[in-house]
There are 2 protein chains.
Amino acid sequence: MTRYSEIKKILKSHKLRVTDGRVDTLEFFLRQAKTLSLKDLEKEFKNSDRVTLYRTLSSFTEHGVLHKIPDDSGHATYGLCHDTCSSEDHSHDHMHFKCNECGTIECLEQNIPVVKIPGYHVKEANLILKGICKTCAA
Amino acid sequence: MTRYSEIKKILKSHKLRVTDGRVDTLEFFLRQAKTLSLKDLEKEFKNSDRVTLYRTLSSFTEHGVLHKIPDDSGHATYGLCHDTCSSEDHSHDHMHFKCNECGTIECLEQNIPVVKIPGYHVKEANLILKGICKTCAA
DNA sequence: TTACTTTTGCAACAGTGTTGCATATAGACA
DNA sequence: TGTCTATATGCAACACTGTTGCAAAAGTAA
Ligand SMILES: [Mn+2]
Ligand SMILES: [Mn+2]
Ligand SMILES: [Zn+2]
Ligand SMILES: [Zn+2]
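What counts as what
Residues numbered from 1 in each chain as written. Chains lettered and ligands numbered in written order. Predicted model: local features only at pLDDT ≥ 70, side-chain atom pairs only at ≥ 80, totals over all residues. Heavy atoms only, no water. Domains from an automatic or database assignment. Contact = heavy atoms within 4.5 Å. Buried area = accessible area lost by both parts, 1.4 Å probe. Salt bridge = Lys/Arg side-chain N within 4 Å of Asp/Glu carboxyl O. Polar contact = N/O pair within 3.5 Å; in protein donor to acceptor, adjacent residues only side chain to side chain. Nonpolar A, V, L, I, M, F, W, Y, C, P; charged D, E, K, R; others polar. Donors = N, O, S within 2.8 Å, 3.2 Å for Na, K, Ca; no water. Helix = DSSP H or I, 4+ residues; strand = E, 2+ residues; numbered from the N terminus. Buried < 20%, exposed > 50% of the residue type's maximum accessible area, 1.4 Å probe, protein only. Axes fitted to C-alpha atoms, helices over the stretch in contact; angles between N-to-C directions. Parallel < 35°, antiparallel > 145°, perpendicular 65-115°, else oblique. Pairing = 2+ DSSP bridges. Least-squares fit on C-alpha atoms with pLDDT ≥ 70 in both. Near = heavy atom within 4 Å.

Residue and element names in this part refer to chain A. Looking at chain A, the domain boundaries give domain 1 (1-88) and domain 2 (93-138). Taking only C-alpha atoms into account, the centre of domain 1 sits 21 Å from that of domain 2. In this assembly, nine residues from domain 1 lie in contact with nine residues from domain 2. Buried area between domain 1 and domain 2, both sides added, is near 750 Å², and the carbon and sulfur share of it is 61%. Where domain 1 touches domain 2, the interface holds two salt bridges. We note a salt bridge from Lys-98 to Asp-71, for which the minimum N-O separation is 3.5 Å. Our enumeration of links across domain 1 and domain 2 arrives at four residue pairs in polar contact (both at pLDDT 80 or more). Looking at the side of domain 1 that touches domain 2, its residues break down into two nonpolar, four polar and three charged.

Here it is as structure tokens:
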């Protein structure tokens, strides 16, 4: 199976129309294998419209191809979902790591510990660790 | 001791000049006893300049009167520090809770569990829980 | 009171995110 | 394959938070 047909398959399985821009964007995510921001896409696809890239990220997130990683920096970052995610079931319990040196944000394997607080209904948890990543620490 | 002299004392102990705006802002934080954003201050102090309020939050944060609470919504929120915080020592390990209904962000007593990841240097952790707060759940 | 330092108010700008709308295109179906 | 309809795209424009520069005002210490 070619890379292109694989990407098309992913898009279709998430009920997304196959367009050139979406194929390129998804291919970029798969090739980079790391989280990306709108800015990253803008740099990569200089001829593409900013708003279209923005909407690509939105629809990917909505359809379970990507998940939005909460960040206080003002730069929204996106990471690939696992195969299990769809428009319907789209949940993530893993934590994230932001490197103070290279700036990359990584999805970690580890899940966020369950926290219970008397009187509260906890429905969601976001844990972001900061420090020096494996690559930069080496 | 009057409220005003108490507030003056707090400002001075954090090496901040006592100005009308700072007294009002700190008084508001103490009275509300909850986290506040720049927007909240703008609503309360309609005659004040937005930039001045912004800088008040900045200097308070810098001098250990407030701590900035990371939020992905784009609204930076601030909470009072404990008495122990100063310009020098200004650390927080507690988690925060954001209510999906009333929108308030609370500082929780509980500290964030320590997470270790092989190969990484974790220096900071931010855990934000979301759901329904005690007041809204009742 | 004076002299020095910091804060304030105003204007202006930067950056991200977001919407509306006309046009182009993908996917479905005859 | 050609036609139709819903969706995606490109462009312009806007909303909003955060941020800086600078001159005038105010705080503090001598
Ligand atoms: Mn992730
Ligand atoms: Mn707090
Ligand atoms: Zn790194
Ligand atoms: Zn609530």
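The rest of the description comes next.
Moving on, we get to the coordination of the manganese ion (ligand 1). Ideal geometry at a metal centre: 109.5 degrees between donors when four sit tetrahedrally, and 90 or 180 degrees when six sit octahedrally. All names here are of chain A. Coordination of the manganese ion (ligand 1) by the protein involves His-67 (NE2), His-94 (NE2), His-96 (NE2) and Cys-107 (SG), with metal-donor separations of 2.0 to 2.3 Å. Linear spacing of the donor residues for the manganese ion (ligand 1) on their chain is H-x26-H-x1-H-x10-C. Of this pair, His-67 sits in strand S2 (residues 66-69) while His-96 sits in strand S4 (residues 94-99), and the two are 29 residues apart along the sequence. We classify His-67 as buried; its relative accessible area is 4%. Accessibility expressed as a relative area gives 8% for His-96, which makes it buried.

Attention now moves to the packing of helix H1 (residues 3-13) of chain A against helix H2 (residues 20-32) of chain A. All names here are of chain A. Look at H1 against H2: their axes get within 10 Å of each other, and the N-to-C directions meet at 105°. In this view, H1 runs roughly perpendicular relative to H2, as classed from their interaxial angle. Here Arg-3, Tyr-4, Ile-7, Ile-10 and Leu-11 of H1 come into contact with H2, specifically with Arg-22, Val-23, Leu-26, Glu-27, Leu-30 and Arg-31.

Residue and element names in this part refer to chain A. Spatially, the three strands line up as an open sheet ordered S1-S3-S2, and their pairing is antiparallel. With partners counted over all chains shown, the strands left at the sheet margins are strand S1 (36-37) and S2, one partner each. Two strands pair when backbone bridges link them, and S1 and strand S3 (residues 77-80) are joined in this way by two bridges, in the antiparallel orientation. Directly across from Ser-37, in S3, lies its bridge partner Thr-77. Relative to S3, H2 is tilted by about 75°, and along the sheet it contacts S1, S2 and S3. Contacts from helix H4 (residues 50-62) reach S2 and S3, with the element oriented near 110° to S2.

Going through the model one piece at a time under the given rule, you end up with 10 salt bridges over all chains. The shortest N-O distance in the salt bridge between Glu-27 of chain B and Arg-31 of chain B comes to 3.1 Å. Remark: Arg-31 of chain B and Glu-27 of chain B occur in helix H2 (residues 20-32); sequence separation between them is four residues, near one turn of the helix. Judged by relative accessible area, which is 43%, Arg-31 of chain B ranks as partly exposed. Within this structure, Arg-3, Glu-27, Arg-31 and Glu-44 of chain A form a network of salt bridges that share partners.

For the rest of this paragraph, the subject is the relation of the copies chain B and chain A. Superposing chain B onto chain A takes a rotation of 180° plus a shift of 0.0 Å along the axis, which leaves an RMSD of 0.1 Å. Here the transformation between the copies is reduced to the relation of a two-fold axis. Here 100% of the contact residues of chain B are again contact residues in chain A; the copies associate through an equivalent surface.

Protein-derived coordination of the manganese ion (ligand 2) comes from His-67 of chain B (NE2), His-94 of chain B (NE2), His-96 of chain B (NE2) and Cys-107 of chain B (SG), at a distance range of 2.0 to 2.3 Å. Each donor residue of the manganese ion (ligand 2) belongs to the same chain, with the gaps between them written as H-x26-H-x1-H-x10-C.

Here we take up the protein's contact with DNA strand D. Inspection of the region around DNA strand D gives 19 residues, with Arg-22 and Arg-55 of chain A together with Val-18, Lys-39 and Arg-50 of chain B positioned closest. Among all atoms of DNA strand D positioned within 4 Å of the protein, those belonging to sugar or phosphate total 60%. One of the side-chain nitrogen or oxygen atoms of Arg-22 of chain A is found 2.8 Å away from a phosphate oxygen of DNA strand D. Within the side chain of Lys-39 of chain B, one N or O atom sits 2.6 Å away from a phosphate oxygen of DNA strand D.

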